[in-house]
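# Commentary on secondary and tertiary structure
Chain residues, written in single-letter form:
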Protein chains: 2
Amino acid sequence: MAKKASITDIAKQLGLSVSTISRALNGHDDISEATKARVWELAKELNYQPNHLAAALRKGRSNMLGLIVPHINGYFFPSVMDGIEAVASKAGFNVMMCQSNEDVRREKKNIEALLNAQVEGILVSMSRTTHEFQHFEKVQQQGIPLVFFDRMPDLANVNAVILDDYQGAYQAVKHLVEQGCTRIAHFAGPQHMNTTRNRHLGYMDALRAHGLSVDEQLVYWLPNSSHASGEAGMKELLKLPERPDAIFSSYDFPAAGAMMVLHEHNIRVPEDMAVAGFSNEPFTALTQPRLTSVDQRGEQMGESAVQLFLQMRKRTENFPAQRIVLKPKLLIRDSSLQLEVKKK
Amino acid sequence: MAKKASITDIAKQLGLSVSTISRALNGHDDISEATKARVWELAKELNYQPNHLAAALRKGRSNMLGLIVPHINGYFFPSVMDGIEAVASKAGFNVMMCQSNEDVRREKKNIEALLNAQVEGILVSMSRTTHEFQHFEKVQQQGIPLVFFDRMPDLANVNAVILDDYQGAYQAVKHLVEQGCTRIAHFAGPQHMNTTRNRHLGYMDALRAHGLSVDEQLVYWLPNSSHASGEAGMKELLKLPERPDAIFSSYDFPAAGAMMVLHEHNIRVPEDMAVAGFSNEPFTALTQPRLTSVDQRGEQMGESAVQLFLQMRKRTENFPAQRIVLKPKLLIRDSSLQLEVKKK
DNA sequence: CTGAAAGCGCTAACAG
DNA sequence: CTGTTAGCGCTTTCAG
């Protein structure tokens, strides 16, 4: 196998200088069409492959964007990635993707790797175990634009694009109230994360706003977002002397798990208990009954995150931190619908 | 913001040569502990970040591995990516991930981008629209190890790790036969892809091996792998004069779609019609009834793919193309179970 | 329209 | 144990 051809090989074979080849290959208009053609032809013939590393080193611009997600299970993060890829590639950026696996140590390593790779910006959704932020500060110290999405730290001066989780939860619970539910339980996620904390807050405020009191007994703290933890939660709730008549879950999988348990106990959904989840996972349209859920705008979130990055790198001055908040969308399905009608 | 510190800055401030710094930073043991300590300290102080680009250029080794997946919806590809990441990072490789979006043009661009980025190998699962393979040959011509996973071209000399889709389908259909089903329908995927073609072949052979004939009327050709196409397929099958008593789907989502339609028609699963899917999506444990499916060994596939790559780059000689075939696992759930018992 | 020369940041002989 | 030197492949002044 022949050694990989470089710009110098082309130059020699054509009796031209490397700079001419470079310019020809990059389509500069101060090169004659004739030479351009010759260069292109030989490049093809030699199977020439530009070395991005060398160009990036020289230009001081890698055209790479770093991305860190906690995991890629479920529908949400992949959809964000779709949005990111679309906008990034349109702007001429390649995306270097890492998973932190919900582990802050891994997240730190990801940051290191991306910084070493000379990415021009980093988009990150924090891991579940991230409680300190020095590794992020380091990024900013290097002058690398840093954009959080979905999961962000509780700090003032950070750029982020997030969902209005509070509103999403509020709307879902309001909907349940309007369907006639009065004892609405909640599957709550970790309260140190902005996302699930705000869902919990939205839940509580929606109850209060509609004259219902918040009953701590009706809140089950999910150990994780699996369907198994929803099953466990439902079993707990069924032990209560007075059973809830609805459940709002911070995630879809536990909601579906709860429905499994209800089915086993011959408790009808939504007649005996209404159920609503959060994320709008594709499978929510496939459960029996279909599951009401809140859409998280994943794709749009990804797009906005890249756009924010693109803005940041344009400004020479440190421009004020921006926070973009997307509106959630409640998708009402059979698991919570027309309770009044169905009840009788 | 200070200009990013380089190895030269450290050298100057310490009155040492750059090579000493380089060696110290890389932990060579021909540098005194004393100087190592000084170097490390100043590096930390200056917020020094090694420039991987420069090192890679010089060493001719990028420590980057390219990955192309058709999409990251559903569970399968993310699980493969998990396996890839795990083994790759253990071997000191960073993964550069691209999506082809089931578009061969995009796939070609991805290949270009990865080649430009000087990846040391490429792992790829072909897009659905890939019918020609020059872009892959180009990779091999450059001497870059190329490993296909799951979806591979019909060529002899390619390295690949795939699932035994034929066996998976065969087992699923055999299971349905053993449950007493005699008119087993099939939701078939595209026949130009090894995966879904082999599932179709396994389906047919399992029927024949058990004395059942293959009825073309019972095969519905899925336009895609969405649940909607499964709903459409089920509706078609219900128009037949003689209704099937089981359905084996090439994907899980259409299988779930079919179950929705059956539920609407008050056709019981599995009593009136058994259902089995393919992929073992997490949601298959959450449908009503739970869906029988074939696990695709995603994680193991990813791990094997990286291991194969690592082998390939060790051999100086072109070693013979390897094909690793993983064994599928049939997960029997309620949607197909104990038909005989339940029927009466 | 083209060439010469310098250098991005780092590593790796080769010398001491 | 440390320094000198050359150069990875490319882009970009500065000169013609």
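Bear in mind that the values here come from a model prediction, so they are computed numbers and not experimental data. (Residues numbered from 1 in each chain as written. Chains lettered and ligands numbered in written order. Predicted model: local features only at pLDDT ≥ 70, side-chain atom pairs only at ≥ 80, totals over all residues. Heavy atoms only, no water.)

## Concerning the relation of the copies chain A and chain B
Rule in force here: Here the copies are superposed with least squares, the fitted atoms being C-alpha atoms of residues at a pLDDT of at least 70 in both. Two residues form a contact once any of their heavy atoms are found within 4.5 Å.
With an RMSD of 0.0 Å, chain A superimposes on chain B once it is rotated by 180 degrees and translated 0.0 Å along the axis. With respect to symmetry, the two chain copies, as superposed, fit the operation of a two-fold axis. Here 100% of the contact residues of chain A are again contact residues in chain B; the copies associate through an equivalent surface.

## Some thoughts on the nonpolar core
Nonpolar side chains in soluble globular proteins tend to end up buried together. What counts here: We call a set of buried Ala, Val, Leu, Ile, Met, Phe, Trp, Tyr and Cys residues a nonpolar core when their side-chain atoms join them within 4.5 Å. The buried label applies to any residue whose accessible area, calculated with a 1.4 Å probe on protein chains only, is under 20% of its type's maximum; exposed applies above 50%, and partly exposed to all values in between.
If you look at the biggest cluster of nonpolar residues, it comprises 140 residues, and the most contacted ones within it are Leu 123 and Phe 149 of chain A together with Leu 123 and Phe 149 of chain B. In this structure, Phe 149 of chain A is in contact with Leu 67, Ile 68, Val 69, Phe 77, Val 80, Ile 84, Leu 123, Val 124, Ser 125, Val 161 and Met 301 of chain A, ignoring residues within four places of it in sequence. By size, the runner-up hydrophobic cluster in this structure holds 44 residues, among which are Leu 115 of chain A together with Ile 111, Leu 146 and Val 158 of chain B.

## Some words on the UniProt feature "domain: HTH lacI-type" (unreviewed entry) in chain A
Condition: UniProt positions are given in the numbering used here, feature names are shortened, and annotations may be inferred rather than shown by experiment. Each helix is a run of DSSP H or I of at least 4 residues and each strand a run of E of at least 2, with the numbering of both proceeding from the N terminus.
In the numbering used here, UniProt assigns the "domain: HTH lacI-type" (unreviewed entry) feature to residues 5-59 of chain A. As a span, residues 5-59 of chain A carries 67% helix and 0% strand, and end to end its C-alpha atoms are 21 Å apart.

## Describing the protein's contact with DNA strand C
Note the following rule: Only a single heavy atom is needed: when it lies within 4 Å of a molecule or strand, its residue is near that molecule or strand. Residues adjacent in sequence count toward polar contacts only when both atoms are side-chain atoms; beyond that, a polar contact is any pair of N or O atoms within 3.5 Å, and within protein one must be able to donate a hydrogen and the other to accept it. For this classification, Asp, Glu, Lys and Arg are treated as charged, while Ala, Val, Leu, Ile, Met, Phe, Trp, Tyr, Cys and Pro are nonpolar and the rest, including Gly, are polar.
Close contacts around DNA strand C come from 25 residues, with Thr 20 and Arg 58 of chain A together with Ile 7, Tyr 48 and Arg 58 of chain B the closest. In DNA strand C, atoms within 4 Å of the protein come from the sugar-phosphate backbone in 63% of cases. One of the side-chain nitrogen or oxygen atoms of Thr 35 of chain A is found 3.0 Å away from a phosphate oxygen of DNA strand C. Elements that contribute at least two residues to the surface near DNA strand C include exactly helix H2 (18-25) and helix H4 (52-59) of chain A together with helix H2 (18-25) and helix H4 (52-59) of chain B. Here the element with the most residues in the surface near DNA strand C is H4 of chain B; it accounts for four residues. Residues of the surface near DNA strand C, tallied by class, amount to eight nonpolar, 11 polar and six charged.

## Structural notes on the protein's contact with DNA strand D
Around DNA strand D lies a shell of 25 residues, among which Ile 7, Tyr 48 and Arg 58 of chain A together with Ser 19 and Thr 20 of chain B are the nearest. Of all DNA strand D atoms lying within 4 Å of any protein atom, the proportion belonging to sugar or phosphate reaches 59%. Contact between DNA strand D and Ser 22 of chain A: a phosphate oxygen at 2.8 Å from a side-chain N or O atom of the residue. In this structure, a base oxygen belonging to DNA strand D sits 3.3 Å away from a main-chain N or O atom of Arg 58 of chain B. Among the elements of the structure, H2 and H4 of chain A together with H2 and H4 of chain B are those that each provide at least two residues to the surface near DNA strand D. If one sorts the elements of the surface near DNA strand D by residue count, H4 of chain A sits on top with four residues. Its residues assigned to classes, the surface near DNA strand D shows eight nonpolar, 11 polar and six charged.

## Comments concerning the pairing of strand E6 (residues 184-188) of chain B
All names here are of chain B. What counts here: Whether two strands pair depends on DSSP finding at least two bridges between them.
The buried count for E6 comes to five of five residues, which makes it a mostly enclosed element. Taking every second residue as pointing to the same face, both faces of E6 are buried, with Ile 184, His 186 and Ala 188 on one and Ala 185 and Phe 187 on the other. Pairing geometry for E6 and strand E8 (residues 246-249), over four bridges, is parallel. Bridged to Ala 185 within E8 is Ile 247. In this sheet, strand E7 (residues 219-221) lies alongside E6 in parallel orientation, the contact comprising three bridges. Directly across from Phe 187, in E7, lies its bridge partner Tyr 220.

## Regarding empty space enclosed by the protein
The method is simple in principle: a probe with the dimensions of a water molecule rolls over the atoms, and the space it marks as empty is what remains. To keep things clear, this is the line we draw: Cavity means a closed set of points on a 1 Å grid over the protein atoms alone, one where a 1.4 Å probe fits but cannot get out, pocket means an open set with protein on both sides within 12 Å along at least 5 of 7 lines, and lining means a residue has an atom within 4 Å of a point. Grid points are joined across faces, edges and corners, and a volume is the space filled by probe spheres set on the points.
Tallying each qualifying case throughout the model produces three cavities of 30 Å³ or more. Taken as a whole, the largest cavity encloses approximately 70 Å³ of empty space. Forming the walls of the largest cavity are Leu 67, Met 81, Ile 84, Glu 85, Val 95 and Met 97 of chain A together with Met 97, Cys 98 and Gln 99 of chain B. Elements with a minimum of two residues in the lining of the largest cavity: helix H5 (76-90) and strand E2 (94-99) of chain A together with strand E2 (94-99) of chain B. Along the lines of polarity and charge, the residues of the lining of the largest cavity split into seven nonpolar, one polar and one charged.

## What about the interface of chain A and chain B?
Let me state the cut-off plainly: Buried area: the accessible area, evaluated with a 1.4 Å probe, that two parts lose upon being put together, summed over both parts. Every case where a carboxyl oxygen of Asp or Glu lies within 4 Å of a side-chain nitrogen of Lys or Arg is listed as a salt bridge.
The interface is formed by 54 residues belonging to chain A together with 54 residues belonging to chain B. Between chain A and chain B, the buried area comes to about 5,100 Å², and carbon and sulfur atoms account for 55% of it. On inspection of chain A and its partner chain B, the count reaches four salt bridges. Note that Glu 85 of chain B and Arg 106 of chain A form a salt bridge whose closest N and O atoms lie 2.4 Å from each other. Mapped onto the side of chain A that touches chain B, the elements with two or more residues apiece are H4, H5, E2, helix H6 (104-116), helix H7 (134-141) and helix H11 (252-264) of chain A.

## Brief notes about the sheet that holds strand E4 (residues 146-149) of chain A
Residue and element names in this part refer to chain A. Which entries qualify depends on this criterion: Each axis is a line fitted through C-alpha atoms, and for a helix only the stretch in contact is used; angles between axes span 0 to 180 degrees, taken between their N-to-C directions.
A sheet is described by the order of its strands in space; here six strands give the open sequence E2-E1-E3-E4-E5-E11, paired in parallel fashion. Each of the sheet's edge strands pairs with one partner strand only, and the pair in question is E2 and strand E11 (323-326). Here the average twist between neighbouring strands, direction ignored, is 15 degrees. Relative to E4, strand E3 (residues 121-124) is paired through three bridges, and the arrangement is parallel. Along E4, the bridge assignment pairs Leu 123 with Val 147. Strand contacts of H6: strand E1 (64-69), E2 and E3, with the helix running at about 175 degrees to E1, the strand carrying the most contacts. Here helix H12 (residues 298-314) sits on the sheet and contacts E1, E3, E4, strand E5 (159-163) and E11; the angle it forms with E5, its principal contact strand, is near 165 degrees.

## Some thoughts on the sheet that holds strand E8 (residues 246-249) of chain A
Residue and element names in this part refer to chain A. Here four strands make up an open sheet; going across it, the order is E7-E6-E8-E9 and the pairing parallel. Only two strands of the sheet have a single neighbouring strand rather than two, namely strand E7 (219-221) and strand E9 (274-276). Going from strand to strand, the sheet's axes swing by 15 degrees on average, the running direction of each strand aside. Packing against the sheet, helix H9 (residues 194-209) makes contact with strand E6 (184-188), E7 and E8, and its axis sits at approximately 170 degrees to E6. On top of the sheet, helix H10 (residues 227-238) reaches E6, E7 and E8; it is set at about 145 degrees to E6, its chief contact.

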